[in-house]
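So the chains spell out like this:
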Amino acid sequence: MLQFRMTPCLLSLLFVVPLLSSIMAAAEHAGCKIRITDKGLDMLKYETQKFVEEELTNISMPEMKGKDGRFQYTITDVKITELNLTHAELQFIPNVGLLFDVQNSSISLSFHRRILYWFFYDTGNINASAEGVNINTALNLIRDDEGRLKINNITCDAKINKMRAEFSGTLGKVYDFLASFLTSGMRFLLNQRICPALNHAALVHVNSLLETIPVRSEVDSYIGIDYSLINDPVVTSRSLDMHFRGMFFDLSNQNDSLVNYAVDPVIREYDRMVYLALSEFFFDSGMFSYYKAGVFQMHIVNEKMPKDLEMLLRTTYFGAIMMINPALVEAPISLQLAVNSPPKTTIKTSGATVVMTAIVKVMLLPPGRPPVQLSSMTMESKFNAKVSMKGKRLAVHADLRRFKIFSNQSALESLALIPLQAPLKTMLQMSVVPLINNWTKRGVRIPLADGMDFIEEVVEYHNGFIVIGANLHFTKGLREMIAGSNETEPETNTI
């Protein structure tokens, strides 16, 4: 009986365990995360309010015709002359997106009238004001099929509580009693026009701006970067969190990518407008891609070779050259450096370091003859990596911290290489490190729209990831950013 009862449980476990394993395997850590806090919304609110005011000002109203007893009227040239969205709020809606809420605001309009009453014909302008304007707009944010942030849909509710009109002209006082009739129709039409205008603004204009944020693009002639979202944005009452793949790739073989086993970066702060978190994987995938692209190789010869180092190499290997062929003593000598495995990043609370191992070959280059290898050694180096942010570009500056060489042939030769330690380290500091920093000084773009930059950045190092807290600065207005989104061409960055 006991066995009979346990059998269904065992069958359930046999089904559930593989299912849980597949779910866990499918879960992907983010290499890059961005958090926009409620403090960031305070600045976005001002730009959003200006944008909404401009959109509503451009609402087109149809011609109105009607009859009331012996009155016939035509209303044309309806224009919104002023909006006063004084009580506007922009806030997060948990698990949905954003809410733009306008309460108890006002709109001023002007119309042109043509009125026929019996045999009297009158024309003139009508100035009207709508009061108690309430607009409630919710934007649902998702990850689309390309991994891009997108407004999926918008729910909108607009209501105008009352409207007043003032007539001008000779018969202005006579037609005052028509004001309530005309304004009722105008109020109905305005209510019908506000939400479609905001729908178009969000789903067309704002989405076109979001499309300018890089998802998968080239960094330079060697590598690209994948900033696709790995899931829908996570929205709470205090923040909007976006989790990006944050992975570099070799342009010549885009499917050969590094698997992310790094610590998932965590953002706990809300004090600043925006936070950027980068895991060790973000940096490792960049170096892995450069390694696969064959960038980490260098041939130092002739004018690239420091004279002191060349003299030391000739002295060190003089015996070997004489044994090979004394006639080769004056032949050019060179160093060939080739990183033999992808460099590895380690991030701790004390800072970030990069470990790089390379094979260094000392070569003799006799004219008209094949190169002759004099020695092969392993070089181990460790760099301090300082991360910085400027605008929306992330840069890394490297400093050589530790350097060691040893022979691949014998311990005895390793001892003979000791005199080369200091000059090779100097050569590395003077030649290789500046080359690396030249690649990284311009930086790589982070996924922010054009016209929006980081300012007042603070970099914090944690075990396994970096968090950069900053405030936002608009270099363009939202309207200008959207207008420019239709003209933006793909940008080539350098890391």
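Residues numbered from 1 in each chain as written. Predicted model: local features only at pLDDT ≥ 70, side-chain atom pairs only at ≥ 80, totals over all residues. Heavy atoms only, no water.

Draft legend 1. Region of interest: the confidence of the model for the chain. Here the chain averages 82 in pLDDT, while 87% of its residues score no lower than 70. Counting contacts from residues 1-26, a segment whose pLDDT is below 50, to residues more than four positions away or on other chains yields 1 contact. Across residues 488-495, where pLDDT falls below 50, the model places 32 contacts with residues more than four positions away in sequence or in other chains. (pLDDT = per-residue confidence, 0-100. Contact = heavy atoms within 4.5 Å.)

Draft legend 2. Highlighting the sheet that holds strand β9 (residues 223-226). Read from one edge to the other, the open sheet built from 3 strands follows the order β8-β9-β12, with strand pairing classed as antiparallel. In the strand order of this sheet, the two ends are held by β8 (216-218) and β12 (247-250), each with one partner. Across the sheet, the mean angle separating the axes of adjacent strands is 25° when strand polarity is ignored. Sheet analysis places β9 next to β12, joined by 4 bridges and oriented antiparallel. Directly across from Gly224, in β12, lies its bridge partner Phe249. Across the sheet, helix α4 (residues 280-292) touches β9 and β12, and the angle it forms with β12 is around 5°. (Pairing = 2+ DSSP bridges. Helix = DSSP H or I, 4+ residues; strand = E, 2+ residues; numbered from the N terminus. Axes fitted to C-alpha atoms, helices over the stretch in contact; angles between N-to-C directions.)

Draft legend 3. Up close: the state of the cysteines. As enumerated under the stated definition, the model contains 1 disulfide in all. Here Cys156 is linked by a disulfide to Cys195, with a sulfur-sulfur distance of 2.1 Å. Around the S-S axis, the bridge from Cys156 to Cys195 shows a dihedral of about -75° and counts as left-handed. With Cys156 in strand β7 (residues 149-167) and Cys195 in helix α3 (residues 179-210), the pair connects residues that are 39 residues apart, well separated along the chain. (Disulfide = S-S within 2.5 Å.)

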